[in-house]
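One letter stands for each residue in the lines below.
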Amino acid sequence: MFGSRTLTSNLSVAGELTQDLQGRGDGTTLSLGIVSAIPLSEREKVFVSIASTWASTSHWQSLYARGASQSDENWSSGFGHIVAAATFRQWISPHWMWYVVPQISQPVGQIQRQTSYATELRLHASLKWVGQLTP
């Protein structure tokens, strides 16, 4: 489940809640963040965001336990990451946009204590069609 709330014309808060409904061992996660939109032109915008994820014990175990130094009984519910991103978005036509997202993810708490998990840098780029198909 995802939701967001606009605070001002350029500032929003967003959250996402996930629950393992099929009982596959992934538990529950709750991510909360804040997003600031910076207009560059009528067709271009930069979104700067920061978010953090809280998860249940079973989520951290299923995600990290195989490569970690902690045994399964040492994992607990809590925060695991702080993520910062800056998305550049440009509309190239009324229905097409492209965007690029550099992102940095810093492990915190019990994830940070695991020597094999360090700060992650990611880059995502995409071309997207936005519109409504009508019969």
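Note that this is a predicted model, so its numbers are computed, not measured.

A. Quick look at helix α1 (residues 57-64). Buried within α1 we find H59, W60 and Y64. Down the axis of α1, the smallest arc covering the buried residues is 95°, so these residues share one side. Considering only its buried residues, α1 is in contact with β3 (28-39), β4 (44-55), β5 (78-91) and α2 (109-112).

B. Broad picture of the pairing of β3. Pairing analysis gives 9 bridges linking strand β2 (residues 11-19) to β3, with the strands arranged antiparallel. Paired with E16 across the two strands is S31, which belongs to β3. The sheet contact formed by β3 and β4 spans 11 bridges and is antiparallel. If you follow V35 over to β4, its bridge partner there is S49.

What counts and how
- In every chain, residue numbers begin from 1 and rise along the written sequence.
- Totals for whole chains, interfaces and linings use all residues, but because this is a predicted model, local features are given only for residues with pLDDT of at least 70 and pairs of side-chain atoms are given and counted only at 80 or more.
- Calculation of side-chain values draws on the structure's entire complement of heavy atoms; hydrogens and water are dropped beforehand.
- A 1.4 Å probe rolled over the protein chains alone gives each residue an accessible area, and that area as a share of the maximum for its type sets the label: buried under 20%, exposed over 50%, partly exposed in between.
- Runs of H or I in DSSP of at least four residues are treated as helices and runs of E of at least two as strands, each being numbered from the N terminus.
- What the arc describes is the spread of directions from the helix axis to the C-beta atoms.
- By definition in these notes, contact holds between two residues if any of their heavy atoms fall within 4.5 Å.
- Pairing between strands requires that DSSP locate at least two bridges from one strand to the other.

By themselves these figures say nothing about function.
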